[in-house]
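Fold and geometry: a report
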Amino acid sequence: MAVWDLSVSVEELGPEAPPLKISVTSDLHIGGVILKVVEKSQIKKDWSDHALWWEQKQQWLLKPSWTLDKCGIHADARLCLTPQHKPLRLVMPSGIILRMRVCFSSPVFRTVMGICKLLNIRRPEELSLLWPVEEKKKKKDKDVGEEVYDITCAPLTSSTILKLANGMPAFFADTPETEAVYKMLAVSQPAPAPETIAKLYRTTNIMEKAHINSRWLDSSRSLLQQGVKENYKLLLRLKYYTFHDIIPQADVVRLTQLYEQARWAILLEEIECTEEEMMVFAALQYHIGKVSLTEQIVASCPAMEDLDSALQCLEVKMEGESSADDMLETMTAPELHDYLKIFRPKRLTLKGYKQYWFTFKDTTISYYKSKEESSKEPIQQINLKGCEVAPDVSVAGQKFCIRLLIPGPEGMNEVYLCCEHEQQYSRWMAACRLASKGKTLADSSFSSEVQSIQSFLAMQKTTPTNNTAQTDESINTHSLVSPRYQKKYKPKQLTPRILEAYQNVAQLSLTDAIQKFLQIWQALPDFGLSYIVVRFKGCRKDEVLGIANNRLIRIDLSVGDVVKTWRYNTMRQWNVNWDIKQVAIEFDGNVNIAFSCVTADCKIVHEYIGGYIFMSTRSREQSDTLNEELFHKLTGGHEAL
């Protein structure tokens, strides 16, 4: 075998040091190359975390048994021996910056799993990393250093981290400093000053929201392959809005960071909400801030966890064993009948709201001229399966409307149903929500859905407040509402309104308040939508594609109206032409769409769709082990194959 020289630079020798030259043959394996380089460097240390990085090809050589010949390495290759784990500055949803060692050689999906394991966050598949927005630095701001909490001394997460009795990973309990960091992650941060909110980057339109989604890192490739270097700053954020299996006792950090991401989405107006909803959000933030000082989300002891899981199993069994009465009830599914008003904004035939007799059966609404005519043919039947349901409610104005977007062959048909009072609204809204998911009124979740709608309406009611609450001047109103309402109202006007809403939530525990906040956030019409600007095949103008956990939405960029909705459960296949960067999707009924992406790489859209389909395969019975292979099959694209 011919002997030739290979040059390898060693990071430990410093950036100025020349590369080491070693004599090799083509049948020498990667492990042997590392051995020769280590001997020649004469540095005594633990090299177990080091690996070779091939600069020209931008790839890691992680198979020690492969020969140079098999890897395709020749004399002109520039290799670098470098640690696989390096420090990174990670910005959490709460804004805390952690400096920690993460894996630069694994696919980002596995790197995130390692980060989550160290920080005690379950369900890492819902999170990912993204580049921060470039901050325009003013001359004045030059010296303002950000506070970074260093936890690089943490053990590498290949071994499982043992928890202590108080639910904290053992590493964090080592020193008072690390314990303080963990408490910051597990407890919601105090309301920021209005000046802080004003300085933060805010998206002002749908185009800017779309640009944010172009910054996600590719889950199938490593950090180093994507140009991330040591000590770079990246954001850790929830990417997929399907929060599976939240258990407050086990999910202390996860629940807190989820709340923080939701809170900032509201404060920075990333998601639209009405004025009344904003006051409820403000009251809950005020309450959570107050209770966080004295109370923490209770981390359970192992015995309690066993009891919880036993109770859950029992609950599942009990649900399965239904009595004969229940069986009869399911066979004759309940129905709703009522006089409601209907309004179609796009049809000129109906001017304003008109009253009809409505019946709700299975997943279909039918309406008649009057109750007496309900035995005849209905004026129209509307099947709500696959539709979008949004509230249009003002408790103060006694307005209780349900906005339905029903998919039709030509696009979305908009229909408003108007109810008389909140009891009627709660029942019909719950029925519409279930029907949109293909469930009937016989479903066991109907009554709990009605209750949660009623409790949310109750929060928006103004109750006669105690004078003690009214005089609470310490409330920092402008830190609790988004800039739009800061401009619209003075603190004097906001304080009584927030305190009125606060009366309805003041009794909640910390866990309940956070869960209530998340519940209302998830009920907002635009919740969970990630936007990408695309150009549909055969069209001349850019449009917006909204990607949600169960559907894709086509949005007119100029007006902001929803043009069409396609649901994943009617999707037959989707594929990407990587050469021309075009995504093509086929749905039931010979519906085919194709589009190219304008603001993001088509890999990001492909990963979103595949990721949401992967999320839908998770079930409660499954253990915490993730089917990583399936995730990469669904999201990896041509590289995964």
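Residues numbered from 1 in each chain as written. Predicted model: local features only at pLDDT ≥ 70, side-chain atom pairs only at ≥ 80, totals over all residues. Heavy atoms only, no water.

In the annotation of an unreviewed UniProt entry, the protein is listed under the name Fermitin family homolog 3-like and assigned to Sinocyclocheilus anshuiensis. For the protein, the Sequence similarities (unreviewed entry) comment in UniProt is given as "Belongs to the kindlin family." (UniProt positions renumbered as here; feature names shortened; annotations may be inferred.)

A word on the overall build of the protein
In terms of regular secondary structure, the protein is built from 18 helices and 24 strands. The buried share of the protein, taken over its 641 residues, is 50%. Sequence separation of 24 or more characterises 63% of the internal contacts of the protein that already satisfy a separation of 6 or more. Total accessible area on the protein stands at roughly 32200 Å², and carbon and sulfur atoms take up 52% of it. (Helix = DSSP H or I, 4+ residues; strand = E, 2+ residues; numbered from the N terminus. Buried < 20%, exposed > 50% of the residue type's maximum accessible area, 1.4 Å probe, protein only. Contact = heavy atoms within 4.5 Å. Areas by Shrake-Rupley, 256 points an atom, 1.4 Å probe, with all protein chains shown as cover.)

Some remarks on the environment of tyrosine 286
Within the fold, tyrosine 286 resides in helix H8 (residues 275-292). Considered as a pair, tyrosine 286 and serine 479 are 193 residues apart in the sequence and their alpha carbons are 9.4 Å apart.

Observations regarding the packing of helix H17 (residues 602-615) against helix H18 (residues 628-635)
Contact geometry of H17 with H18 gives a least axis separation of 7 Å together with a crossing angle of 140°. The pairing of H17 with H18 is recorded here as oblique in orientation. As for how H17 packs across H18, the hand of that crossing is right-handed. From H17, Lys603, His606, Glu607, Gly610, Gly611, Ile613, Phe614 and Met615 reach across to H18, where they touch Leu630, Phe631, Leu634 and Thr635. (Axes fitted to C-alpha atoms, helices over the stretch in contact; angles between N-to-C directions. Parallel < 35°, antiparallel > 145°, perpendicular 65-115°, else oblique. Left-handed = near helix turned anticlockwise from the far one by under 90°.)

Some words on the confidence of the model for the protein
As a general rule, the predicted coordinates of low-pLDDT regions are not to be interpreted in detail. For the protein, the average pLDDT comes to 85, and 86% of its residues sit at 70 or higher. When the elements of the protein are averaged for pLDDT, helix H13 (residues 467-470) gives the smallest value, 43, and strand S10 (residues 233-238) the largest, 97. The low-confidence segment residues 319-324, where pLDDT is below 50, has one contact with residues more than four positions distant or belonging to other chains. With pLDDT under 50 throughout, residues 326-331 is counted as low confidence; its partners more than four residues away or in other chains account for three contacts. (pLDDT = per-residue confidence, 0-100.)

Considerations on the nonpolar core
Among the nonpolar cores identified, the biggest contains 117 residues, and Leu129, Leu223, Trp521, Ile585 and Phe595 are the most heavily contacted of them. For this core, the element with the highest residue contribution is H8, accounting for 10 residues. Residue contacts for isoleucine 585: discarding those within four places in its chain leaves Leu552, Met571, Gln573, Trp574, Val591, Asn592, Ile593, Phe595 and Ile609. Membership of the second largest hydrophobic core comes to 33 residues, among which are Tyr356, Phe358, Val393 and Phe446. (Core = buried A, V, L, I, M, F, W, Y, C linked by side-chain atoms within 4.5 Å.)

Considerations on the side chain of arginine 263
Among the secondary structure elements, arginine 263 is positioned in helix H7 (residues 252-267). Classification of arginine 263 as buried rests on a relative accessible area of 3%. Here glutamine 189 takes part through its backbone oxygen, which lies 3.1 Å from a polar atom of the side chain of arginine 263. Excluding its chain neighbours within four sequence positions, the residues that come into contact with arginine 263 are Gln189, Pro190, Ala191, Pro192, Gln285 and Phe517. (Polar contact = N/O pair within 3.5 Å; in protein donor to acceptor, adjacent residues only side chain to side chain.)

Topic: the sheet that holds strand S6 (residues 85-91)
Sheet strands associate in pairs through backbone hydrogen bonding, adopting either a parallel or an antiparallel arrangement. The mixed open sheet is built from five strands, whose spatial order is S8-S10-S6-S7-S9. Among the strands making up the open sheet, the edge pair consists of strand S8 (127-130) and strand S9 (148-150). Taken pair by pair, the neighbouring strands of this sheet meet at an average axis angle of 45°, ignoring direction. Examined bridge by bridge, S6 and S10 share three bridges and lie parallel to one another. Across the sheet, valine 91 pairs through a bridge with leucine 235, a residue of S10. (Pairing = 2+ DSSP bridges.)

Considering H8
For H8, spanning 18 residues, the distance from its first C-alpha to its last is 25 Å, which sits close to the expected 26 Å at 1.5 Å a residue. In terms of residue burial, H8 counts as a mostly covered element, since 16 of its 18 residues are buried. (Expected span 1.5 Å × (residues − 1).)

Quick notes on the pattern of salt bridges
Taken as a whole and assessed by the stated rule, the structure comprises 38 salt bridges. The shortest N-O distance in the salt bridge between lysine 603 and aspartate 218 comes to 3.0 Å. Placement of lysine 603 in helix H17 and of aspartate 218 in the loop between helix H6 (206-212) and S10 is noted, with a sequence separation of 385 residues between them. Comparing lysine 603 with aspartate 218 shows no difference in burial state: the two are buried. For aspartate 542, the salt bridge goes to arginine 535, with nearest N and O atoms at 2.9 Å. Judged by relative accessible area, which is 23%, aspartate 542 ranks as partly exposed. Classification of arginine 535 as partly exposed rests on a relative accessible area of 34%. Several salt bridges share partner residues, and in doing so they unite Arg122, Arg123, Glu125, Glu126, Asp245, Asp251, Arg254 and Arg618 into one network. (Salt bridge = Lys/Arg side-chain N within 4 Å of Asp/Glu carboxyl O.)

Comments concerning the pairing of strand S1 (residues 4-10)
The element S1 is largely enclosed, with a buried count of five among its seven residues. As paired elements, S1 and strand S2 (residues 20-24) share five bridges and run antiparallel to each other. Looking at S2, one finds that leucine 6 is bridged to isoleucine 22. Sheet topology places S1 next to strand S5 (residues 78-83); four bridges connect them, and they run parallel. Across the sheet, the residue bridging to valine 8 is leucine 79, located in S5.

Quick word on unusual backbone geometry
Of note, asparagine 120 is a non-glycine position whose phi angle comes to about 65°, a positive value. On the secondary structure map, asparagine 120 appears in the loop between helix H3 (108-119) and S8. For glutamine 398, which is not glycine, the phi torsion reads 50° and is therefore positive. A relative accessible area of 51% places glutamine 398 in the exposed class.

Remarks on the sheet that holds strand S19 (residues 543-547)
The seven strands are arranged S21-S20-S19-S18-S24-S23-S22 in an open sheet whose pairing can be described as antiparallel. Each edge of the open sheet is held by one strand with a lone partner, namely strand S21 (562-567) and strand S22 (571-577). Each neighbouring strand pair of the sheet contributes to a mean axis angle of 30°, computed without reference to strand direction. When S19 meets strand S20 (residues 551-555), the two strands line up antiparallel, connected through four bridges. Paired with glycine 546 across the two strands is isoleucine 553, which belongs to S20. H17 rests against strand S18 (530-536), S19, S20, S22, strand S23 (582-587) and strand S24 (591-597) of the sheet, and its axis sits at about 155° to S22.

Things to note about the pairing of strand S11 (residues 336-343)
Judged by which residues are buried, S11 turns out to be one-sided: Leu336, Asp338, Leu340 and Ile342 face inward and are buried, whereas His337, Tyr339, Lys341 and Phe343, on the alternate face, are not. Sheet topology note: the S11/strand S12 (residues 354-361) ladder contains seven bridges and is antiparallel. Bridging from a neighbouring strand, aspartate 338 pairs with phenylalanine 358 of S12.

Remarks on the side chain of serine 366
Mapped onto the elements of the fold, serine 366 is located in strand S13 (residues 364-368). A polar contact of 3.3 Å, which involves the side chain of serine 366, links it to the side chain of glutamine 381. Sequence-distant contacts of serine 366, that is, excluding residues within four places in its chain, are made with Trp357, Phe358, Thr359, Pro378, Gln380 and Gln381.

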